[in-house]
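# Summary of structural features
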Amino acid sequence: MYKGFVVSPDVLDNDPHFEQGCTFCHQGDENGSTREAAHIGLIRRPSDDPDSCGGCHEDIAATYKTSLHYTTAGLRQGIIGRFSSREIETFDRSVFQQSCRNCHAACGDCHVKGPSFDEICTGLLKGHRFVRSEEKKTCGFCHGGRVYPEFTGQYGVVKDVHFDIGMTCMNCHKKEAMHGNGVSYSSRKDVADRPRCENCHPTGKEKSEKAKKAHGLHKDTVTCTACHSLSTYKNCYNCHIGKGGESKSGFFLGKNPRNPAVITTLRAVPTAKDTFKKVGITMEKYNDVPNYHDAVPHVIRKITERTNNCNMCHLVKMGFLTKSKLVKGGPKANESLIYQPRPIPPGN
Amino acid sequence: MKQENTAFGNFIRISMLQGVTALQGGRFSVSLCFYSGHPTNGMKSTHGRDVSDMKATTFILTITAVIIFSVYAEKADSTDPKNSCVQCHTNAKKIQSLYVPPKIEFKQDEGEG
């Protein structure tokens, strides 16, 4: 949309970012008399190189280079478990930089102009103002496949209670996490200071005895989302096989693939074995990695069917993965996530 | 309005005033020359030159001054960040006329099930 390229005149006089002129960041030819001439040598996304912002924002630029939004290491980590060491080398050489890494977020993607996917972009956030955050157009654009629409209720199922009371992404996902802390993590699940429910809801301070008891019994063995996700959430199928993606609503409970001692909500993220066949990757360790990731669905509510009635899990086993529910033709590792809850002993 | 008392500034002012005086037959010479600090008697033939010669000289000086002023003004504009890229990028109609939408090709079976 053309409006995404229109700069608000009033921002030019009041923001120090514009003191050196447009070409200081964007290059190009400011004397060019046509669109084509003016855009010769143009750098559309100057902050693709964080050092371009680092002249003034030195500390942030330095840590941002290690952040997951910039390295996109999480995408790599999600798939390489299925590869042999030879295939990992091929992947890094022929796929990762050329394809996956295109989705990295530059500073400007969050602070100036909405992120781009292929050539699709929402344009300037606020007439080229440098904004602190504009979650709807930035977080919501990249994470709009699953988490953001879940959070805002755009799937029409339910809004996350946190969104309902006016919270936004940045209330939990702090700017320090966005900008990185200088550690090159391979997955968001490894980030030391990632958001935790307990930061705001410490156990032991519950108002009801029932909640206090439930939290005590399930501490370290069941995640918060396992009980407090109200509705189904998005699960992806058929991605990366050249036929387009398909998503289905679903709700799965099972063992955490990263820590089988913990029961959590799982999200189906199937990977077709021949996804990278073109570059000679056949996924030699395909059966080692399950098609379900431990996930935090953003459909949180205080009261759900499971918080209301313990038997929904312990007797009905609602939502728990079973062999019949597993992705057809998936890897054998999927079966390792199946968990059968035990009935509650009499008297408890 | 504060006037800078530089040699170039005085040259421009005097030239322009002389030009105005010449073109308008001296009707405003007193007030304008008072504004510039230029002595009004400088416009008269007290130096032994003919008034018509003086008018021609001042006219040429005026044109010269206007040209010099234009060149300086253009140069100032070209170094001002607000007067280059921004000429188009603050003009919604201009951007709309130049906008080329991206070509997006969807596969036939692409989309959510």
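Residues numbered from 1 in each chain as written. Chains lettered and ligands numbered in written order. Predicted model: local features only at pLDDT ≥ 70, side-chain atom pairs only at ≥ 80, totals over all residues. Heavy atoms only, no water.

### Considerations on the overall build of chain A
The condition is simple: Think of it this way: any DSSP run of H or I at least four residues long counts as a helix, any run of E at least two long counts as a strand, and we number them from the N terminus. The contact definition used throughout considers only heavy atoms, calling two residues in contact when any of these lie within 4.5 Å. Only the protein chains shown count as covering a residue, and every accessible area follows the Shrake-Rupley method with a 1.4 Å probe. The charge count includes Lys and Arg as positive and Asp and Glu as negative, but it does not include His or the ends of the chains. Charge placement uses NZ in Lys and CZ in Arg. For Asp and Glu, CG and CD serve respectively.
The helix and strand tally for chain A stands at 17 helices and seven strands. Considering only C-alpha atoms, chain A reaches an extent of 80 × 55 × 35 Å along its principal axes. Here the contacts in chain A between residues at least 6 apart in sequence split such that 61% fall between residues at least 24 apart. Accessible surface for chain A amounts to roughly 20000 Å². Of this, 55% is attributable to carbon and sulfur atoms. Computed over 49 positive and 37 negative side-chain charges, the inter-centroid distance for chain A is 11 Å.

### A short note on the pattern of salt bridges
Residue and element names in this part refer to chain A. To be explicit about the condition: Each reported salt bridge corresponds to a side-chain nitrogen of Lys or Arg within 4 Å of a carboxyl oxygen of Asp or Glu. Exposed residues in this analysis have more than 50% of their type's maximum accessible area, buried residues have under 20%, and partly exposed residues fall in between, with area computed by a 1.4 Å probe over protein chains only.
Taken as a whole, this structure holds 15 salt bridges over all chains when the rule is applied. D220 serves as the salt-bridge partner of K219, at 3.8 Å between the closest nitrogen and oxygen. Relative accessible area serves as the criterion here: at 48%, K219 is assigned to the partly exposed category. One continuous salt-bridge network, built from bridges that share partners, spans R45, D48 and D109.

### A word on the packing of helix α6 (residues 73-80) of chain A against helix α7 (residues 85-96) of chain A
A pair of packed helices is characterised by two quantities: the angle between their axes and the separation of those axes. Residues and elements named next belong to chain A. Worth spelling out the cut-off: Fitted lines through C-alpha atoms give the axes, limited to the stretch in contact for helices. The angle between two N-to-C directions lies from 0 to 180 degrees. Any angle between 65 and 115 degrees counts as roughly perpendicular, while under 35 counts as roughly parallel, over 145 as roughly antiparallel, and the rest as oblique. Helix crossings get a hand from a simple test, with the near helix turned counterclockwise from the far one by less than a right angle marking a left-handed crossing and a clockwise turn marking a right-handed one.
Viewed as axis vectors pointing N to C, α6 and α7 meet at an angle of 140 degrees, and their least axial separation amounts to 12 Å. Here α7 runs oblique to α6, going by the angle between their axes. Here α6 runs over α7; the crossing is right-handed. Two secondary-structure elements touch here, α6 through R76, I79 and I80 and α7 through I88, F91, D92 and F96.

### Observations regarding the sheet that holds strand β5 (residues 252-256) of chain A
In sheet architecture, strand pairing relies on hydrogen bonds along the backbone and comes in two forms, parallel and antiparallel. Residues and elements named next belong to chain A. The condition is simple: The pairing criterion for strands is at least two bridges between them, as found by DSSP.
Spatial ordering of the open sheet is given by β5-β6-β7, a layout of three strands whose pairing is antiparallel. One side of each edge strand has no neighbouring strand; the edge strands of this open sheet are β5 and β7 (292-294). Averaged over neighbouring strand pairs, the angle between their axes works out to 50 degrees when direction is ignored. When β5 meets strand β6 (residues 259-268), the two strands line up antiparallel, connected through five bridges.

### Focus: the packing of aromatic side chains
The description of an aromatic ring pair rests on the distance of the ring centres and on the angle between the ring planes. Residues and elements named next belong to chain A. Put simply, the rule reads: Only Phe, Tyr and Trp rings take part, Trp by its six-membered ring, and two of them pair if their centres are within 6.5 Å. Stacked means planes under 30 degrees apart, edge-to-face means over 60, and tilted covers everything else. Any Lys NZ or Arg CZ found within 6 Å of a ring centre and within 35 degrees of that ring's normal is scored as a charge over the ring.
Within the structure shown, the criterion is met by eleven aromatic pairs over all chains. Ring geometry for F91 versus F96: centroids 6.2 Å apart, planes at 40 degrees, classification tilted. Each member of the pair F91 and F96 is classed as buried. Linked through ring pairs, F83, F91, F96 and F276 together constitute an aromatic cluster. Between R101 and the ring centre of Y70, over which it is positioned, the NZ or CZ distance is 4.7 Å.

Limitation: the analysis is restricted to geometry and does not speak to function.
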